[in-house]
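# Tertiary structure, described
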Amino acid sequence: KNSEKDHCAPKKCNGSLMQPSNMVCDPRDGKPSVESVRKLAKDFIDQYFASMKRRNDSEAHGARLDEVMNSIDSTGTYELTKNELIFGAKTAWRNAPRCIGRIQWNKLHVFDCRKVTSTYEMFEAICSHLKYATNKGNIRSCITFFPPRNDVKTEFRVWNSQLIRYACYRQEDGSLVGDPANLELTELCERLGWKGKGGRFDLLPLLLQANGEDPELYELPSNLVLEVKLRHPDAGQEWLEKMNLKWYAVPAVSNIMLNIGGVEFPGVPFNGWFMGTEIGRDLLDTARYNLILPVAEAMGLNTKKTASLWKDKAILELNIAVLHSFQDDNVTIMDHHVATESFMKHFSNEMKLRGGCPGDWVWLVPPVSGSATPIFHQEILNYTLNPACLYQPDPWHYYKWKDSVMKKRKNKLHFKELARSVLMTSRMMTKAMANRIKATILYASETGKSYAYSKSLQEIFNHAFDAKVVPMDQYDICNLEYEALVLIVTSTFGNGDPPENGEYLAQALQKIVRDSKEDQYVHHTNILIFITNNSVKVSTKQNSFSNDIQSSTQGVLANVKFAVFGLGSRAYPHFCAFAHAMDTFLGELEGERLMEIGEGDELCGQEESFRRWAQEVFTSACDTFCLREQVNLEDANASLSTSKFERTDFRVVVHDKQVQPNVIKTLGTMHRKKLSSCRLIRRKNLQSEESGRSTILIQLETKNCENLNFCPGDHLGIYPRNDPDLVKELLSKIRDATDENTVVVLEAKREKRSIIGNLKYWEEDTRLPPCTLNMAFSRYLDITTPPTPQLLKLFSECDVNQEESKRLEVLSQGQSEYEDWKFLNNPNLIEVLNQFPSIQLEAALLLKQLPLLQARYYSISSSPEIFPGEIHCTVSVVTYHTRGGTGPLHHGVCSSYLNSITDDEEVACFVRTAPTFHLPLKDNIPCILVGPGTGIAPFRSFWQQRLAEIRKGVNSIHLVAHNGCTMALLFGCRNPNHDHLYKQEVAAAMKEGAISHAYTAFSREKGKPKRYVQNVIMSEIPDFVYDIVHEKKGHFYVCGDVTMATEVNKTLLKILCIKGEMTKEKAQEFINSMKTEERYHEDIFGVTLRTYEVNRSVRLKGKEKSESLSHK
Ligand SMILES: Cc1cc2nc3c(=O)[nH]c(=O)nc-3n(C[C@H](O)[C@H](O)[C@H](O)COP(=O)(O)OP(=O)(O)OC[C@H]3O[C@@H](n4cnc5c(N)ncnc54)[C@H](O)[C@@H]3O)c2cc1C
Ligand SMILES: NC(=O)c1ccc[n+]([C@@H]2O[C@H](COP(=O)([O-])OP(=O)(O)OC[C@H]3O[C@@H](n4cnc5c(N)ncnc54)[C@H](OP(=O)(O)O)[C@@H]3O)[C@@H](O)[C@H]2O)c1
Ligand SMILES: Cc1cc2nc3c(=O)[nH]c(=O)nc-3n(C[C@H](O)[C@H](O)[C@H](O)COP(=O)(O)O)c2cc1C
């Protein structure tokens, strides 16, 4: 028993004591005082919040401290959150003075098994632990937490000192066979009914104690124990093989206690990997296998004279053999030189990061060639920090057996050989692991596809993991480092930007990367530039996890496995850029990339690419977490192509209250947005009658609603209504459609357990509010986007005739037939139902499966200073014939809606700020605005803003002339007589001095060559443009179609090369620097100009590429 006298004092050093009192926690000393627990808890919670940089300044920190202190005052202890537990475990390792392998402290996998209640559950958890840790020899550090100590009487403990240990048998002559370190435990197991085989390397059973009850024995499944047979690498050294020595691969210490912030965990098996000398000592030390003499004799050494150093020679050769055998079998092991060097690296990291690193020199210096290692020459201070790893007495020294039970055990061989068969262990493991390993699927999406893909991914991952789907903007970044598996599914918007709900996570991750790489990091104020600069594919090899035992794992995500899938379109120059940026961020933070990023091009096989990626990443995750053998991959993969919709599990019923909730409120809740209602003041067609097309100016009244405050450059999001004729036609095709005034709800069948058996009941499905079918299809659901392969699959199950069923089956595979069909026809739901008239459609299927109708964005075309209480939009009314002009006429949902609304309708809208597309803060900075067609929309708000300033006198005409306040507008349209939008307004703004220059490019003027804005820039005003962007450090704005924006960008590049005499690379660098300085702005509407042609040519290229790849 240790006592105070074991501490070092001014005149004595206890540095070589095995268990000095400050490293021991003995339950016989009684419970720690409330005061001491409070102190440790406060310190720990402070450390935890400091680690997230949320100390002191966060409400969460204060609230958590209050909660913990209250709990300690009333119960004497508190419960650690899962993240605190992980942080505590890693820090305890980091603080362990005797551990040489601490450089890996951040790479510790935590199994949280604090909810186990029985020894059997403990046994299951230990099996999972061993399988995960062993990893076919590529050993991974992990720790399993059993419930903390409340009272010694309810303790959970592993009585073995390590999970894998060899037994020791005392012979009649008093000699020992096996590992003497385990003699006591072997004898105890035998008393409890275990019968060993009497060999030198018999695996001891596990002796597990739950809830303070008598411990129970469990045979360790041998298939979970990896062992290495020892042999010597050199020829002529066969003596070792003949000795038949072996050792186990995973050193999993199970008798150490962890104290994390005053919470004591007596049962916490944990493992790293061996340093070779440890096995050498296990076999050679006199108190262990004591093989030094037999080895020396087998080697033929002269053992008579100590000065022959025969012992040293034997030790050295055995150590060489241990290292060789492990390495030869691909089992992780460290030699003491690597170990000490990595420790020195860790030591120096810690001195920099924490100003110290506790270390026990006596333990750290290796038992072989100490002075040849750097630690020998390093002064190290030894002290204890909390969280801490502590010794505790072996339980049989203080445990009070429940007498009668013990007697019974002695007489009756009550022995649990539960897990002998591989099959049984497998089943058990699936259950145990699936319960424990969480997979977090983070998505960011503008139009809902990434969300739908995330849900499919969840389906497949739930076959082996506990998967949940979280939108990026609702994810607390502080949890990231504690995740086991993170899957990211995201699209890209703008021109390489994140979807709106991905921006926050992108910023947060960028900040972490920046903080962690202070010295090497090029600072970008603009995340978007960072993204486009990082949109390069990184291969798994380049940045994959390697169990590099020497490397430092300072990376925040050292313990997190991840994979990323990007949705995008190759019609955009920065294809899947945001997904690439996320992949780069996670890699830079040292996350372990499970697979190369997956990319899904919406113009070519997006669905198919996703499925392939999802299956591969699932298989890879199963391999990584050792779940492959237990999972039926075929079943799991099948879940990707089958949609989870059982007709009998859903029904549409008449709602008891025949009122519909307010549409705007409902849309707001549905889309998690603060929506406001606007009314139409005026609508005007900006094109002439002869044009045959419409671009409308919409003036909406905002009534100065606060939520609708905006700056010029911002966007207005509008939730449209579907075309009433289409809705009517759809309703006529639904078999069980209710009449147009009946309010209905969708209900889903649920099941719950009760004392009288399983109860089935119907529950309202809350995705949609109670509403009429007409309302559902008009305002809430998307009925014009072509149905997904999954939906077609469900249609094929709606009593369809054979012929149609066959075709639907083919399409629902989501492969090239589907892609071609979708691209050519762009079919809306009604057209699909017309193509397959035998589909017997029910309302429930559509209410459950159709995607939600999404908002459309419009660049605001007015200044609040000129039109207070109003928002204007310039909207091109979308109409086109499918099949490249030969198919049926389609009308764009929102633009047609805006072209038809009356002034008594409420328009559901919200403002989306576009800070990267605002005017420069100073008025005298010159600007060039390029916006052909509807691309002129935001620039109207710009010139109105300048007009307002001029009118206020802030910027008089006089000043404009003399300060060179250039605002040059470049507009392009087809014909000056048809679609020259805002011609008069521009002329008036020029007169007042708001616009300094206006240039136009006409593309379809009779008898004249085609001219685009980029042609005007290149041929008419290259010097002007060069002067503004290069000499005057002005701003350059481009708005509208992505192809146009790309061509304008290339034109600017050319001008810089010619006028600035720059190389292409230098010119590109210059444009990048303009982006970094936020002088180059883009507002991209999508592929709007020549949609069919552009998409067709990109698709053809994509197809050619994938065909040539499949030929290779
Ligand atoms: C940031 C931003 C700002 C925007 N600002 C404006 C603006 O100021 N003014 C404006 O008018 N628009 C603007 N848009 C575009 C706008 O958001 C809508 O996309 C547009 O109005 C079409 O919506 P819709 O509902 O009418 O058409 P939808 O029903 O969404 O139909 C459009 C779809 O039809 C298909 N399609 C279109 N033309 C063809 C064709 N020729 N051949 C085959 N398929 C075709 C394409 O799949 C296209 O995506 C902006 C977009 C963004 C992202
Ligand atoms: N999301 C959507 O699908 C969406 C959104 C908005 C608008 N639209 C559709 O897109 C069209 C846009 O109408 P709009 O008024 O904005 O523009 P527009 O009138 O079609 O075109 C404006 C000008 O840009 C030219 N142009 C075409 N390709 C160009 C390129 N690569 N670079 C530079 N200039 C180019 C056009 O020339 P030419 O055509 O003569 O070659 C025309 O002179 C409408 O048909 C509308 O239905 C679709
Ligand atoms: C306005 C707009 C801009 C886009 N910009 C890009 C882009 O820069 N890069 C890209 O790969 N895809 C781009 N896309 C394509 C989308 O990423 C693609 O449609 C994706 O499938 C949408 O997925 P979501 O529904 O999850 O948002 C853009 C699409 C639109 C409408």
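Residues numbered from 1 in each chain as written. Chains lettered and ligands numbered in written order. Predicted model: local features only at pLDDT ≥ 70, side-chain atom pairs only at ≥ 80, totals over all residues. Heavy atoms only, no water.

Identification of the protein chain as Nitric oxide synthase from Ciona intestinalis is taken from an unreviewed UniProt entry. Entered under Function (unreviewed entry) in the UniProt record, the comment concerning the protein chain runs "Produces nitric oxide (NO) which is a messenger molecule with diverse functions." The protein chain has a UniProt comment under Subunit (unreviewed entry) that states "Homodimer. Interacts with NOSIP and NOSTRIN. Interacts with HSP90AB1. Forms a complex with ASL, ASS1 and SLC7A1; the complex regulates cell-autonomous L-arginine synthesis and citrulline recycling while channeling extracellular L-arginine to nitric oxide synthesis pathway." (UniProt positions renumbered as here; feature names shortened; annotations may be inferred.)

## Here's the deal with the site of ligand 3
In the vicinity of ligand 3 lie 24 residues, with Ser445, Glu446, Thr447, Ser450 and Thr492 positioned nearest. Interatomic distance of 2.7 Å between a backbone N/O atom of Glu446 and an oxygen atom of ligand 3. Glu602 is positioned such that a nitrogen or oxygen atom in its side chain is 2.8 Å from an oxygen atom of ligand 3. A total of 640 Å² of accessible area belongs to ligand 3 in isolation, and the protein chains cover 91% of it. The set of elements that each furnish at least two residues to the shell around ligand 3 consists of α14 (449–461), β20 (561–568) and β38 (1080–1086). With 3 residues, β38 is the largest single contributor of residues to the shell around ligand 3. (Near = heavy atom within 4 Å. Polar contact = N/O pair within 3.5 Å; in protein donor to acceptor, adjacent residues only side chain to side chain. Areas by Shrake-Rupley, 256 points an atom, 1.4 Å probe, with all protein chains shown as cover. Helix = DSSP H or I, 4+ residues; strand = E, 2+ residues; numbered from the N terminus.)

## Quick notes on the UniProt feature "domain: FAD-binding FR-type" (unreviewed entry) in the protein chain
Look at the UniProt record and you will see "domain: FAD-binding FR-type" (unreviewed entry) annotated at residues 673–920. Between the C-alpha atoms that bound residues 673–920 the distance is 29 Å, and the span itself is 28% helix and 26% strand.

## Considerations on the sheet that holds strand β28 (residues 757–764)
The sheet built from 3 strands is open, its strands ordered β23-β27-β28 with antiparallel pairing. Each edge of the sheet is formed by a strand with only one pairing partner; in this case those strands are β23 (650–654) and β28. Looking at each pair of strands side by side, their axes are set apart by 40° on average, direction ignored. With 8 bridges joining them, strand β27 (residues 744–754) and β28 adopt antiparallel strand pairing. Looking at β28, one finds that Glu751 is bridged to Lys760. (Pairing = 2+ DSSP bridges. Axes fitted to C-alpha atoms, helices over the stretch in contact; angles between N-to-C directions.)

## Looking at helix α20 (residues 663–671)
Buried residues dominate α20, accounting for 7 of its 9 residues. Looking at α20, one finds that the buried residues are Val663, Ile664, Thr666, Leu667, Gly668, Met670 and His671. Of the surrounding elements, those touching the buried residues of α20 are β24 (676–685), β26 (715–719), α22 (773–780) and β33 (907–912). For α20, the side-chain oxygen to backbone nitrogen distance between the N-cap and Ile664 is 2.8 Å, and the N-cap itself is Asn662. Just beyond α20, the residue with positive phi is Arg672, at close to 50°. (Buried < 20%, exposed > 50% of the residue type's maximum accessible area, 1.4 Å probe, protein only. Contact = heavy atoms within 4.5 Å.)

## Points about the environment of Leu970
Its location among the elements puts Leu970 in strand β35 (residues 967–973). Ignoring sequence-local partners within four residues, the contact set of Leu970 consists of Ile928, Leu929, Val930, Gly931, Pro932, Tyr999, Val1013, Val1016, Ile1017 and Ile1021.

## What about the sheet that holds strand β7 (residues 216–218)?
Strands sit in the order β3-β6-β7 across an open sheet of 3 strands; the sheet is antiparallel. Edge strands, defined here as strands with exactly one partner in the open sheet, are β3 (157–158) and β7. Across 2 bridges, β3 lies against strand β6 (residues 206–209) in antiparallel orientation. Counted as the bridge partner of Arg157 is Gln209 from β6. Running at roughly 130° to β6, helix α4 (residues 119–134) makes contact with β3, β6 and β7 of the sheet.

## Things to note about helix α18 (residues 606–624)
With 19 residues, α18 ought to run about 27 Å at 1.5 Å a step, and its terminal C-alpha atoms sit 26 Å apart, in line with that. Among the residues trailing α18, Cys626 stands out with phi positive, at a value near 60°. (Expected span 1.5 Å × (residues − 1).)

## Here we look at the pattern of salt bridges
Opposite charge on two side chains permits them to pair, given that their charged atoms come into close proximity. A full pass over the atoms with the stated rule returns 53 salt bridges. The salt bridge involving Glu602 is made with Lys449; its shortest N-O contact spans 3.4 Å. On the criterion of sequence distance, the pair formed by Glu602 in the loop between β22 (598–601) and α18 and Lys449 in helix α14 is long-range, its members being 153 residues apart. The shortest N-O distance in the salt bridge between Arg721 and Glu905 comes to 3.1 Å. Of this pair, Arg721 sits in the loop between β26 and α21 (724–732) while Glu905 is found in the loop between α29 (893–898) and β33, placing the two residues 184 residues apart along the sequence. For the residue pair Arg721 and Glu905, the accessibility class agrees, reading buried in each case. Salt bridges sharing common partners tie together Arg647, Arg735, Asp799 and Glu842. (Salt bridge = Lys/Arg side-chain N within 4 Å of Asp/Glu carboxyl O.)

## Observations concerning the environment of Gln104
In this structure, Gln104 sits in the loop between α3 (82–95) and β1 (109–112). A sequence separation of 454 residues divides Gln104 from Ala558, and the C-alpha atoms of the two residues are 9.0 Å apart.

## Here's the deal with the site of ligand 1
Every one of the 23 residues lining ligand 1 counts as a neighbour, but Tyr857, Tyr858, Thr874, Cys894 and Ser895 are closest to it. Within the contact set of ligand 1, an oxygen atom lies 2.9 Å away from a backbone nitrogen or oxygen of Val893. Summarising the interface, the protein chains cover 75% of the accessible area of ligand 1, which totals 970 Å² for the free molecule.

## Some points on the domain arrangement of the protein chain
Taken as a whole, the protein chain is organised into domain 1 (21–397), domain 2 (437–516 + 556–640), domain 3 (663–727 + 745–781 + 796–811 + 832–849) and domain 4 (919–1094). For domain 2 and domain 4, the distance between their C-alpha centroids amounts to 38 Å. At the interface, 5 residues of domain 2 touch 7 residues of domain 4. Here domain 2 is connected to domain 4 by 0 salt bridges. (Domains from an automatic or database assignment.)

## Some remarks on the confidence of the model for the protein chain
Chain-level pLDDT for the protein chain is 90 on average; 91% of the residues reach the 70-or-more range. A low-confidence stretch, residues 519–526 (pLDDT under 50), is modelled with 16 contacts involving residues beyond four sequence positions or located in other chains. Note that pLDDT drops below 50 for residues 538–547; the model gives that stretch 23 contacts with residues more than four away or on any other chain. (pLDDT = per-residue confidence, 0-100.)

## Examining unusual backbone geometry
Each neighbour pair has its own omega, and for Asn386 with Pro387 the value is 0°, a cis peptide bond. Along the chain, the position of Pro387 falls in the loop between α11 (361–364) and β16 (388–390). Positive phi is not limited to glycine here, since Asn135 has a value of about 45°. If you trace the backbone, Asn135 turns up in the loop between α4 and β2 (142–145).

## So, the pairing of strand β34 (residues 927–930)
Neither face of β34 is exposed, since Cys927 and Leu929 on one face and Ile928 and Val930 on the opposite face are all buried. Pairing analysis gives 4 bridges linking β34 to β35, with the strands arranged parallel. Of the residues in β35, the one forming a bridge with Ile928 is Ala968. As defined by bridge partners, β34 adjoins strand β37 (residues 1035–1041) across 4 bridges and the pair is classed as parallel. By the bridge assignment for β37, Ile928 is matched with Phe1036.

## Looking at the side chain of Asp714
Mapping Asp714 onto the fold places it in the loop between β25 (695–701) and β26. Polar side-chain contacts of Asp714 include one of 2.8 Å to the backbone nitrogen of Cys711. Separated by 2.8 Å, the side chain of Asp714 and the backbone nitrogen of Ala914 make a polar contact. Leaving out residues up to four positions away in the same chain, Asp714 has contacts with Tyr858, Ser859, Ile860, Val911, Arg912, Thr913, Ala914 and His918.

## Some details on the packing of aromatic side chains
Under the definition given, this model contains 43 aromatic pairs. With a centroid separation of 5.2 Å and an interplanar angle of 80°, the aromatic rings of Phe461 and Phe618 are classed as edge-to-face. Linking Phe461 in helix α14 with Phe618 in helix α18, this pair joins segments that are 157 residues apart in sequence. Since its relative accessible area comes to 0%, Phe461 is described here as buried. By relative accessible area, which is 0% here, Phe618 ends up buried. Both rings, one in Phe565 and one in Trp613, keep their centres 5.2 Å apart while their planes meet at 45°; by these two values the pair is tilted. Of this pair, Phe565 sits in strand β20 while Trp613 sits in helix α18; the two residues are 48 residues apart in sequence, bridging distant segments of the chain. Residues Phe565 and Trp613 agree in their burial class; the two are buried. Taken together, the aromatic side chains of Phe111, Tyr132, Phe461, Phe465, Phe618 and Phe625 make up a single cluster linked through ring pairs. One Lys or Arg, Arg912, reaches over the ring of Tyr857 and ends 3.7 Å from the middle of that ring. (Phe/Tyr/Trp six-rings, centres within 6.5 Å; stacked < 30°, edge-to-face > 60°. Lys NZ or Arg CZ within 6 Å of the ring centre and 35° of its normal.)

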